[in-house]
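In case you want the letters, here they are:
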Amino acid sequence: MTRRDFRNPPDDERVSFYRPEHLPGVEVPRADKCVRSWVWFHTTYSVCNALEFPGSAQYVYRARVRTAGAKHLLIMEPGEVHASRMQTAPATFRVLFIPQGLVVSAAEELGVGPRSRHFSTEPLAHRPLRTMLCKLHRALESSTTSALERQSRFAACLRGLLEVAAARTTLTEPPQAAWAACASFASSAVWLAYRLIPI
């Protein structure tokens, strides 16, 4: 793999951010023929899928180096950081930034998991879901697509993500004694006001 330097991007590289009018809170980063490196702190759920990518890329997520190609979906959770390292070719891709509250409420309505539900940390190869996301992005970028179609495709993609990509395990809350010990230690070492919240 060769490292690409985003300080000298190619002339045909395009990166933009778009907020769909009929999907409140959702943001869509768009990248065409992109070779730049990314370091991103995620405040929302983020779902990335390639539209055109003849190569592969490495990125760091949760302290592990992972490799992804055109067939993969990358899913990041709020409060996480990912950093791209190397890629072998320019990539055209789209990302959905989905507010955390929207994902949580959809999961509760669908009965697929409580707030402790987490997504797979590995690149996800799931062709039907990837196809649904590609169709959603085409609908969002078309000037002739109705608001109803955009909202319907987004709802279908969100349901697909929750049903297909959500991890099948539920995190358990740590014992209260452990939280009490942690709080006791922190209060003796830290002078700032704080409150520990199980996550």
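The structure under discussion appears in the preceding block.
Bear in mind the structure is a predicted one, so any value in this text is a computation, not a measurement.

Caption draft 1: Spatial organisation of empty space enclosed by the protein. Counted under the stated rule, the structure contains four cavities of 30 Å³ or more. Approximately 510 Å³ is the volume attributed to the largest cavity. Lining the largest cavity are 30 residues, and of these Trp38, Cys48, Leu74, His82 and Phe93 lie nearest its centre.

Caption draft 2: The arrangement of the packing of helix H1 (residues 100-110) against helix H3 (residues 147-165) in detail. Between H1 and H3, the shortest axis-to-axis distance is 10 Å and the interhelical angle comes to 75°. In terms of their interaxial angle, H1 and H3 are classed as roughly perpendicular. For the pair formed by H1 and H3, the contact residues are Leu102, Val103, Ala106, Ala107 and Leu110 on the first element and Phe154, Leu158, Arg159 and Leu162 on the second. Each residue belonging to the contact of H1 with H3 can be placed in one class, and the counts come to eight nonpolar, no polar and one charged.

Caption draft 3: Local environment of the sheet that holds strand S2 (residues 28-34). In space, the six strands of this open sheet follow the order S1-S2-S9-S4-S7-S11, with antiparallel pairing throughout. The open sheet is flanked by strand S1 (14-18) and strand S11 (124-125), the only strands paired with a single partner. Packing of helix H2 (residues 127-141) onto the sheet brings it into contact with S1, S2, strand S4 (45-52), strand S7 (72-76), strand S9 (91-98) and S11, and relative to S4 it is tilted by some 85°. The sheet contacts of H3 involve S1, S4, S7, S9 and S11, and relative to S9 the element is tilted by about 90°.

Caption draft 4: Spotlight on the environment of valine 60. Mapping valine 60 onto the fold places it in strand S5 (residues 56-61). Residues valine 60 and valine 39, 21 residues apart in the sequence, show an inter-C-alpha distance of 9.3 Å. For valine 60, the contacting residues outside a window of four places in its chain are Val65, Val81, His82, Ala83 and Arg85.

What counts as what
Residues numbered from 1 in each chain as written. Predicted model: local features only at pLDDT ≥ 70, side-chain atom pairs only at ≥ 80, totals over all residues. Heavy atoms only, no water. 1 Å grid on protein atoms, 1.4 Å probe; cavity = no way out; pocket = protein on both sides within 12 Å on 5 of 7 lines; lining within 4 Å. Points joined across faces, edges and corners; volume = space filled by probe spheres on them. Axes fitted to C-alpha atoms, helices over the stretch in contact; angles between N-to-C directions. Helix = DSSP H or I, 4+ residues; strand = E, 2+ residues; numbered from the N terminus. Parallel < 35°, antiparallel > 145°, perpendicular 65-115°, else oblique. Contact = heavy atoms within 4.5 Å. Nonpolar A, V, L, I, M, F, W, Y, C, P; charged D, E, K, R; others polar. Pairing = 2+ DSSP bridges.

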